[in-house]
Amino acid sequence: METVNDLPILVCGFLGAGKSTMSARLRELGHEAEEVDGLLAPSVMASDQHRRVITVVDCANAKQHLEDPELGSLLRRQIEAAGLIALSRGDLSDPAPVHAMVEAIADCPVIDAPHGALSASDLDGLAASELNALSPADDLTAKFGTLEYRGGAIFRVEQAERLIANRPNGIERMTGILRTESGGMEVQLAGRMRQTQDVTLPAQTELVVRWRRAETAQAQIDLWFAEAVADSGHRRGLFGYR
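Just so we're clear, the structure is a prediction, and the values are computed from it rather than from any experiment. (Residues numbered from 1 in each chain as written. Predicted model: local features only at pLDDT ≥ 70, side-chain atom pairs only at ≥ 80, totals over all residues. Heavy atoms only, no water.)

A. Spatial organisation of the overall build of the chain. In terms of regular secondary structure, the chain is built from 7 helices and 14 strands. Taking all 242 residues of the chain together, the buried fraction comes to 47%. Considering only contacts within the chain whose residues lie at least 6 apart along the sequence, 75% involve residues at least 24 apart. Accessible area of the chain: about 11,500 Å², with a carbon and sulfur share of 49%. (Helix = DSSP H or I, 4+ residues; strand = E, 2+ residues; numbered from the N terminus. Buried < 20%, exposed > 50% of the residue type's maximum accessible area, 1.4 Å probe, protein only. Contact = heavy atoms within 4.5 Å. Areas by Shrake-Rupley, 256 points an atom, 1.4 Å probe, with all protein chains shown as cover.)

B. Helix H1 (residues 19-28), seen in detail. Those residues of H1 lying buried are Lys19, Met22, Ser23 and Leu26. Each buried residue of H1 sits inside an arc of 100° when the element is viewed along its axis, so together they form one side. Against the buried residues of H1 lie strand E1 (9-12), strand E2 (33-35), strand E4 (53-58) and strand E5 (84-88). Following H1 by one or two positions, Gly30 has its phi on the positive side, about 95°. (Arc of directions from axis to C-beta.)

C. Molecular detail of unusual backbone geometry. Even without glycine at this site, Arg89 takes up a positive phi of about 60°. Checked against the element boundaries, Arg89 lands in the loop between E5 and helix H4 (95-105).

D. Quick look at the side chain of Ser23. Inspection of the secondary structure assignment puts Ser23 in helix H1. When residues no more than four places from it in sequence are discounted, the contact partners of Ser23 are Val11, Ala33 and Glu35.

E. Up close: the nonpolar core. Grouped together as the largest cluster of nonpolar side chains are 21 residues, with contacts concentrated most on Met174 and Trp224. In contact with Trp224, not counting residues within four places along its chain, are Leu163, Asn166, Arg167, Pro168, Ile171, Met174 and Val209. Ranked by size, the runner-up nonpolar core spans 19 residues in total, among them Phe14, Cys59, Leu87 and Ala106. (Core = buried A, V, L, I, M, F, W, Y, C linked by side-chain atoms within 4.5 Å.)

F. Quick look at the environment of Ile164. Along the chain, Ile164 falls in helix H6 (residues 157-165). A sequence separation of 32 residues divides Ile164 from Thr196, and the C-alpha atoms of the two residues are 9.9 Å apart. Once you skip the residues sitting within four places of it in the chain, Ile164 turns out to touch Met174, Met185, Val187, Leu189, Arg194 and Thr196.

G. Molecular detail of the sheet that holds E2. Across the sheet, which stays open at both edges, the 5 strands sit in the order E2-E1-E4-E5-E6 with parallel pairing between neighbours. If you trace the sheet from one side to the other, it starts and ends with E2 and strand E6 (110-112), each paired once. Neighbouring strand axes in the sheet, compared pairwise and without regard to direction, differ in orientation by 25° on average. In terms of strand pairing, E1 meets E2 through 3 bridges, oriented parallel. Note that in E2 the partner of Val11 across the bridge is Glu35. (Pairing = 2+ DSSP bridges. Axes fitted to C-alpha atoms, helices over the stretch in contact; angles between N-to-C directions.)

And the structure:
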């Protein structure tokens, strides 16, 4: 029979929030951790149950996400399902307003973890009984398609900007790091929010794109991405849909 300590800690949050950093820190502390896709959330459990779920909320983008008509309900579900909220990227944006917004939704402790820093004491009270099975929030796996690319595509800066500007209308989320001739460009798109910034030279281009199936056919995504990668002058890499 499974005990509480046998159960993994589920780490929720949108892409770019810091789930991977949080999961790595949990493993350093001796816990088994599993990341949950940003468009999936654990089934909301009864309020009197302890939940072994950590939701990582990106302070730099939380306000835009919560106000977005598509993403707001998803983030709320992830906050409501959590046993602990970790506010990430507080070094890039004032975490105080986000802390207040999240506390108004969450029925659990809220901590600051700007760099994914998590102490053992932060996990006190995150005991759990049985976890409900993961389930799609509002059947989003049927509503959204996902493209993933990891490989050697190298973009000129104007090509990277064109990749973003010429994206099909149905794309709801784009996140990753593009390798450019002069270094790297981090891309974060969510609903109406767009953020790009220069980063140090990455080993490869990594990109994840989600789109609404009702608005955009996969063939359109194929054409848009094939043209973008072809323009980059380097097509080798791992590419697929799920």
